[in-house]
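Working through the structure, step by step
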Amino acid sequence: MTLSPAAPRRPPDWGGRAEARAFLLAALGEEFDPGRSSMTSVSVPAPACRPEVFLGAMPGEKGVLWQPTTGTAFAGLGAACRIDLGGPDRLRDLREQADAFLARLTTRDFPGCRAPSPRWFGGLAFAATAPSPPWEPFGGGAFTLPRWRYASDGTGAVLTLTLGGERDRRPGEVGAEFDVLFAALSCGEAQREVPNEWGGPASIHHLDPAIWQARIEAILHAIATGRFEKIVAARRSLVELPRPVTDTQVLWRLRTEQPGCTRFAFRQALPGGAPVTFLGATPERLIERRGKHISSEALAGSIARLARPARLHPESRDEQALRLLHSGKDGEEHALVVRDIAARLRPFCTWLRVPERPEVRILSQVLHLHTAIEGELAGGAHVLELVAALHPTPAVGGVPTEDAMQWIADHEEDRGWYAGPVGWFDAGGDGEFAVALRSGLLDGAGMRAYVYAGAGIVRGSDPQAEYQETAVKQLALLRALGAVRT
C-alpha cells in the first residue's frame, strides 16, 4: 500500500511542517455543527520513521501500535472515541457502536495526501469473563479511534487528527500537540537502534513445575477418557527487573528478536498512575479481510530451534525441521487446527484453499508447523463476524471448544488479552486480526512484567517437554525486556 505519492521520505528538517500545521489548524473551525455532534479527521503528510518513535512522543498517554510483517504500520495516541467491551455479545456491540460513530465522521486531506481509511484499533480478552488482576485496566476488550494517528509504509507517512466536540478544537492545545509529535518524527536521533542490553539479573517467578505437571497429567487423563481431543495449557511468569524499561524500548528490541512477526502494543493510561502496556510480536494471523479476499493460518505443533536452517520448506535438511514434520503428535495437533479453521470459514466463502501439507515456519527460538489458508467471501461478512466465528481456534483453546474453554477457566490464571484477538477494522468491514501470542503486560514504572506462553496438549504430550516449550516461547519477550541474555 502506498500512502501518498506526495509524501516521500523527507530529511529531518522537512520544510512542509509549517504548511501541514497551518492546514490542520485551519480545519479546527470548519465542518463542525454542535447540533449534529459531527466528527472530522484531518490528515497531513509527515516524515517517515518507525511507529514506536511516534508512540514514545507522549509516554504517559494512552496509545496503540500495529505493525504487520508487510504493508503500512500504524501508531496512535489519545482517543477520539473508545469503546469498552464485555460479555458474550461484545463483538456485536462493538460493531454497532463503531458504525454509529463512523457515520458521523468526515475526512479532510492535505492536497495530494491520501490517508488510510479511519479505523479502530484494539483487542479482546481471551475469555468473555470479568477480568482479574492485573488485567482490570483492559477489561473484556476495548477499541480506540485514536485522536492522533500516524501511518507509514516506510517511504511516505501521514499524520491524522480526529476531532470531536468543541474542546477538541482548541487551537492552542492542538498546535502544541502537533509540535511535540512533529519534533519526535523529525528527530534523526529518535530513529537510532536501541541496543539489546542485558539489564542485570532479573527475578523471574515461573509457575512451579510440579503444578504444571499435575495440570498436564489431568488434561492427558481427560483426553484418554475421550472428553477432549486437545487443550492448550498456558502459564505466566512474573518478571521483576533491576532497572526500568519503556514499552517503546521493548518494541524496538522485539523487531530484532521476532522478525517476520506482527508487533503490537496497547497502552492504557490509568487515572492518577503510570500507564500499563500489553505488547508483543505474534507469528499468528487470525483473519485478514480485504474486500472479498480473506486469509487465515494454522500455526500449531512446535519444536525448539537449535540451529539456523538453510531452507524454510518441508524438504529442508535441517534436523529440527525434519523432526517436526515427521512428529505424529505435532502433526495430529496441527491437523486439528487446520480442520477446525477450514470448517468455520467455509460457510462464509465461495472457495477456500487449504494446502494438504504444512510447511515449517522459522522463528528466532521456535519452529512451527504452518498452513496458510485463503478464500473468497460469498457475501459481505464483516471482519468482526469472521473473528467471532474463529476465536478461539484450537491453536489457543482446544477441542471441543466450549468444554476446553471451561477447563482453562477452571484451572488457569486469567489470561487477560493473551491469546485473544488483536487488530483493527474500518467502516467497510475490512480489517486484520492476529492472535496475541509472544506477549506480556508491562507496568508503567517499567520494572515489572507478566510474560505468557502456552502449549497444545494432545494424546502423547509429555509434561516436561511442554513446560520447556513454553520456556522457549517466552525467550523473545524476556530478551526484549532485558531480563535474560540468551
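Below is a short write-up of the structure. (Residues numbered from 1 in each chain as written. Predicted model: local features only at pLDDT ≥ 70, side-chain atom pairs only at ≥ 80, totals over all residues. Heavy atoms only, no water.)

1. Details of the packing of helix α3 (residues 90-102) against helix α9 (residues 383-390)
Threshold: A fitted line through C-alpha atoms represents every axis, and for helices the fit uses only the stretch in contact; the resulting angles, taken between N-to-C directions, go from 0 to 180 degrees. Helix and strand assignments follow DSSP, with helices taken as H or I runs no shorter than four residues and strands as E runs no shorter than two, numbered in order from the N terminus. To sort the angles, those under 35 degrees are grouped as roughly parallel, those over 145 as roughly antiparallel, those from 65 to 115 as roughly perpendicular, and the leftovers as oblique. Contacts between residues were defined by any pair of non-hydrogen atoms, one from each residue, lying within 4.5 Å. Basically, the charged four are Asp, Glu, Lys and Arg, the nonpolar ten are Ala, Val, Leu, Ile, Met, Phe, Trp, Tyr, Cys and Pro, and anything else, Gly included, counts as polar.
Close contact between α3 and α9 brings their axes to 10 Å; oriented N to C, the two are set at 175°. By the angle class used here, α3 and α9 are roughly antiparallel. Contact residues: L91, L94 and R95 in α3; L384, E385, V387 and A388 in α9. Tallied by class, the residues present in the contact of α3 with α9 amount to five nonpolar, no polar and two charged.

2. Structural notes on the pairing of strand β17 (residues 359-362)
What counts is decided by this rule: Following DSSP output, two strands are said to pair if at least two bridges run between them.
Pairing of β17 with strand β18 (residues 366-377) involves four bridges; the strand directions are antiparallel. Looking at β18, one finds that E359 is bridged to H370.

3. Notes on the packing of aromatic side chains
Ring pairs (aromatic) are described by centroid distance and by the angle formed between their planes. To keep it simple, the criterion reads: In this scheme Phe, Tyr and Trp rings, the latter by its six-membered ring, pair at centre separations within 6.5 Å, and the angle between planes marks the pair as stacked below 30 degrees, edge-to-face above 60, and tilted otherwise. Classification of residues uses two cut-offs on accessible area relative to the type maximum, computed with a 1.4 Å probe and protein chains only: under 20% is buried, over 50% is exposed, and between them is partly exposed. Comment: the charge-over-ring label is applied if NZ (Lys) or CZ (Arg) is within 6 Å of the ring centre and within 35 degrees of the ring normal.
Within the structure shown, the criterion is met by 18 aromatic pairs. When the centroid spacing of 5.4 Å and the interplanar angle of 15° are considered together, the rings of F54 and Y150 count as stacked. Of this pair, F54 sits in helix α2 (residues 51-55) while Y150 sits in strand β8 (residues 148-152); the two residues are 96 residues apart in sequence, bridging distant segments of the chain. Taken individually, F54 and Y150 each receive the classification buried, so the pair is uniform in this respect. The structure contains a cluster of three or more aromatic residues connected by ring pairs, namely W135, F138, F264, F266, F278, W417, Y418 and Y452. Seen from the ring of Y467, R235 lies directly overhead, with NZ or CZ sitting 4.1 Å from the centre.

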